[in-house]
Amino acid sequence: KNQVEQSPQSLIILEGKNCTLQCNYTVSPFSNLRWYKQDTGRGPVSLTIMTFSENTKSNGRYTATLDADTKQSSLHITASQLSDSASYICVVSGQAGTALIFGKGTTLSVSS
Amino acid sequence: DTAVSQTPKYLVTQMGNDKSIKCEQNLGHDTMYWYKQDSKKFLKIMFSYNNKELIINETVPNRFSPKSPDKAHLNLHINSLELGDSAVYFCASSQTGGVGNSPLHFGNGTRLTVT
């Protein structure tokens, strides 16, 4: 069964600290993996999209990694800011014609 | 200059009523979607349209009927609303559907509350 599991479910960190969110998937065949950020009361916004051949991709203070062999991805946030408080959703795209498979998200709270 | 806009933002209605949510995108994308986000924040695909043609129709009650008058619009009509329909509904669009590498662009959601 195609699934996307994220951990932790929630995380609280102090402003300025780094953190890493995890995503494991069982989707096969695999096309690409995406990370989205969803602020409260808003729609998700794309952070990164990685294909099979990409191991790492950065978007400002966000760096995503992908290990297609172990089917794992991580999203690393550097020097966190209060505005990073949001839900981070891992999404995996499988074979053509199938819907994207969403994880349940990790809720990050950054406190001052 | 909103890319994907949906209306209304909030919708409170009683059980048994019929309601519609409208969505428009000005990105020139070919594919549009409706997603449902439940109270646990889990996003689930409902429908996907490519150039006004239905390409994904997940298991949703037939009380939900999408309508795409043109490729920039995808409206969602819900008949005989039930308590369990309460959720946030997101419209989205992308340049390519399926496994394409283009990101989804989401609207800001419509919070539907059925009383």
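For the structure, check the block above.
Note that the structure is a prediction, hence the values are computed from the model and not measured.

A.B. asks: Give a description of the overall build of chain B that names residues and reports values.
C.D. replies: Scanning chain B from terminus to terminus reveals zero helices and eleven strands. Secondary structure elements of chain B, listed N to C terminal, follow the sequence β-β-β-β-β-β-β-β-β-β-β. By its C-alpha atoms, chain B is 40 × 30 × 30 Å across when sized along the principal axes. With 115 residues in all, chain B has 42% of them scored as buried. The contacts in chain B between residues at least 6 apart in sequence include a share of 55% that link residues at least 24 apart. Charge-centre separation for chain B: the mean point of 12 positive side chains lies 6 Å from the mean point of 10 negative side chains.

A.B. asks: Any details on the interface of chain A and chain B? Residues and values, ideally.
C.D. replies: Contact with chain A, which involves 23 residues of that partner, is made by 20 residues of chain B. Approximately 1,700 Å² of surface area, both sides summed, lies buried where chain A meets chain B, with 58% of it carried by carbon and sulfur atoms. At the surface where chain A touches chain B, the tally comes to zero salt bridges. Of all the elements in the fold, those that place two or more residues in the side of chain A that touches chain B are strand 4 (32-38), strand 5 (45-51) and strand 9 (86-93) of chain A. Here the side of chain A that touches chain B gets four residues from one element, more than from any other, and that element is strand 4 of chain A. For the side of chain A that touches chain B, the class distribution of residues is eight nonpolar, twelve polar and three charged.

A.B. asks: Tell me what's going on with the sheet that holds strand 8 (residues 72-77) of chain A, and back it up with residues and numbers.
C.D. replies: Residues and elements named next belong to chain A. Taken together, five strands build an open sheet; the order of strands is 1-3-8-7-6 and the sheet is antiparallel. Strand pairing shows two members of the sheet lacking a second neighbour, strand 1 (4-7) and strand 6 (56-59), which therefore form its edges. Ignoring strand direction, the axes of neighbouring strands in this sheet form an average angle of 15 degrees. Relative to strand 8, strand 7 (residues 62-67) runs antiparallel, the two being bridged by six bridges. Looking at strand 8, one finds that Thr65 is bridged to Ser74.

A.B. asks: Give a description of the pattern of salt bridges that names residues and reports values.
C.D. replies: Under the definition given, this model contains six salt bridges over all chains. Close ionic contact of Lys37 of chain A with Asp39 of chain A constitutes a salt bridge, the shortest N to O distance being 3.8 Å. According to the relative accessible area criterion, Lys37 of chain A is buried, its value standing at 14%. Among the residues examined, Asp39 of chain A registers a relative accessible area of 32% and is labelled partly exposed. The partner of Arg61 of chain A in a salt bridge is Asp84 of chain A, and the shortest N-O contact between them spans 2.8 Å. Here Arg61 of chain A is found in the loop between strand 6 and strand 7, whereas its partner Asp84 of chain A is found in the loop between strand 8 and strand 9, with 23 residues between them in sequence. One connected set of salt bridges, linked through shared partners, spans Arg63, Glu82 and Asp85 of chain B.

A.B. asks: Summarise the packing of aromatic side chains; cite the residues concerned and give the values.
C.D. replies: Counted according to the given criterion, the structure contains eight aromatic pairs over all chains. Summarising the aromatic geometry, the rings of Tyr36 of chain A and Phe106 of chain B are spaced 5.9 Å apart at their centres and angled 90 degrees between planes, so their arrangement reads as edge-to-face. With Tyr36 of chain A in strand 4 and Phe106 of chain B in strand 10 (residues 105-106), this residue pair bridges two chains. Judged by its relative accessible area of 1%, Tyr36 of chain A is buried. With a relative accessible area of 10%, Phe106 of chain B lands in the buried category. The interplanar angle of 45 degrees and the centroid separation of 6.1 Å between the aromatic rings of Tyr62 of chain A and Tyr88 of chain A together place this pair among those described as tilted. A residue pair is termed long-range when its members are at least 10 positions apart, and Tyr62 of chain A in strand 7 and Tyr88 of chain A in strand 9 qualify at 26 residues. We classify Tyr88 of chain A as buried; its relative accessible area is 0%. Members of the aromatic cluster, connected to one another through ring pairs, are Tyr36 and Phe102 of chain A together with Tyr33, Tyr35, Phe90 and Phe106 of chain B. Sitting over the face of the ring of Tyr62 of chain A, Arg61 of chain A holds its NZ or CZ atom 5.8 Å from the ring centroid.

About the thresholds
Residues numbered from 1 in each chain as written. Chains lettered and ligands numbered in written order. Predicted model: local features only at pLDDT ≥ 70, side-chain atom pairs only at ≥ 80, totals over all residues. Heavy atoms only, no water. Helix = DSSP H or I, 4+ residues; strand = E, 2+ residues; numbered from the N terminus. Buried < 20%, exposed > 50% of the residue type's maximum accessible area, 1.4 Å probe, protein only. Contact = heavy atoms within 4.5 Å. Lys, Arg positive; Asp, Glu negative; His and termini not counted. Charge placed at Lys NZ, Arg CZ, Asp CG, Glu CD. Buried area = accessible area lost by both parts, 1.4 Å probe. Salt bridge = Lys/Arg side-chain N within 4 Å of Asp/Glu carboxyl O. Nonpolar A, V, L, I, M, F, W, Y, C, P; charged D, E, K, R; others polar. Pairing = 2+ DSSP bridges. Axes fitted to C-alpha atoms, helices over the stretch in contact; angles between N-to-C directions. Phe/Tyr/Trp six-rings, centres within 6.5 Å; stacked < 30°, edge-to-face > 60°. Lys NZ or Arg CZ within 6 Å of the ring centre and 35° of its normal.

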